[in-house]
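# Report on the structure
Next come the chains, spelled out residue by residue.
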Amino acid sequence: MNPLYLRLDKVADAILKAPELASDLSRLASLACTSEYHLHRAFNAKFGINIGAYARQLRLHESAYKLAFRPQKRILDIAIEAGFGSHESHAKAFKKHYNQSPSGFRKTPNVEALHKGAQISSLVISNEKGSSGLMNTSHDNAISAPKNGTSENHQLDVSVIQFPALDIAMMMHIGPPSHIMSTVSKFIAWRRENKLPPSTSRTFNLLFDDPGNTPHESYRFGVACQILMPSSTPVRTSEAIETCQSTDTNHPSVTTTTIPEGYCAKVRHIGTDAELGAVVHALYHQWLPDTQFELRDFPVFLERIRFFPDVAAHEAITDVFLPIKAAE
């Protein structure tokens, strides 16, 4: 690929981290090592979107996510935090993009729009060959192996830890990965009703299936948080996950279960969800073959330490856990 097109990834990444840079053509052109005369055309040619629209969609996605999942924030504050100078300018841009007013979106969030917005918020996934996932990134491949089935030698800092048994409440998503945001929205509402905020109740995702190798109608993804069950019994490391209906959850779709005690390979990932697939893939294909560990009968799971929109998408922190045991 032309070296210029490789350097354009740096431009997109810089705007992802600071959308206000979209107006600083001189700085962006220097990142791409090209002239300002060519920057817009080259960016559009590679990514299928112009620089201004890319930055605007990033800012609108941030505000939409906060409208949907941060009801304690005023709409005006959300608009200002997203870089809009006034409520009016934000409302006009928002209505044009989402076909809803900010207040209407808050009352009835369009989860499909949020899913599409997530594609923009994690645009650039470059590999050593310079290919970019800009317009093809979605939750469908965010936590699956790279489509070509190979790893790009993702550098891992792996530690082996003893994970203690942990009781969780979980809502299972079953269906297309693109609909996960709907399940997340419902689970967040349940957490609020039960006073289980992320600040006091740890947040987890359980990756039962690889979306790249599972029929969409059968895909399973667990959305969970820590709970306290005084009468719970620790689960043995050899046991598979089992869920049971609990009247304590007060919700037909929320079940209680336990992440079992046992050894885990742990990797801390800092960045967007779009890169998580490479981390999980590398654990299986790079790290595990060089060890004497075997896999336990429990799925890979994630703990969300810091997440969007409380922090910028590229500053999100996710711990990835691969359940393992000593080889027999």
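This is a predicted model, so every value here is computed, not measured. (Residues numbered from 1 in each chain as written. Predicted model: local features only at pLDDT ≥ 70, side-chain atom pairs only at ≥ 80, totals over all residues. Heavy atoms only, no water.)

## Thoughts on the pairing of strand E6 (residues 254-259)
Test applied: Note on exposure labels: buried denotes an accessible area under 20% of the residue type's maximum, exposed denotes more than 50%, and partly exposed covers the range between, all computed with a 1.4 Å probe on protein chains only. Numbering goes from the N terminus for both helices and strands, where a helix is a DSSP run of H or I of at least four residues and a strand is a run of E of at least two. A strand pair is defined by DSSP finding two or more bridges across the two strands.
Counting buried positions along E6 gives six out of six residues, so the element sits mostly inside the fold. A two-sided burial pattern is seen for E6, the buried positions comprising Val254, Thr256 and Thr258 on one face and Thr255, Thr257 and Ile259 on the other. Of the strand pairs in this sheet, strand E2 (residues 166-174) and E6 are connected by six bridges, and their pairing is antiparallel. Across the sheet, residue methionine 170 finds its bridge partner in E6, namely threonine 255.

## Remarks on the confidence of the model for the protein
In regions of low pLDDT, the predicted coordinates are not meant to be interpreted in detail. Note the cut-off: The quantity known as pLDDT measures the predictor's confidence residue by residue, on a range of 0 to 100. Contacts between residues were defined by any pair of non-hydrogen atoms, one from each residue, lying within 4.5 Å.
Taken residue by residue, the protein gives an average pLDDT of 83. The fraction at 70 or more is 82%. Counting interchain partners and residues more than four positions distant, the pLDDT-below-50 stretch residues 148-152 has seven contacts.

## Concerning the nonpolar core
Rules: Take the buried residues of types Ala, Val, Leu, Ile, Met, Phe, Trp, Tyr and Cys, join any two whose side-chain atoms come within 4.5 Å, and each joined set is a nonpolar core.
The biggest cluster of nonpolar side chains holds 27 residues, and the ones touching the most others in it are Trp190, Leu283 and Val320. The set of elements that each furnish at least two residues to this core consists of E2, helix H10 (180-193), strand E4 (220-226), strand E7 (262-270), helix H11 (276-287), strand E9 (300-306) and strand E10 (317-326). Looking at which element gives the most residues to this core, the answer is H11, with five residues. In this structure valine 320 touches Ala265, Lys266, Val267, Leu276, Val279, Val280, Leu283, Val300, Phe301 and Leu302, once residues within four positions along its chain are discounted.

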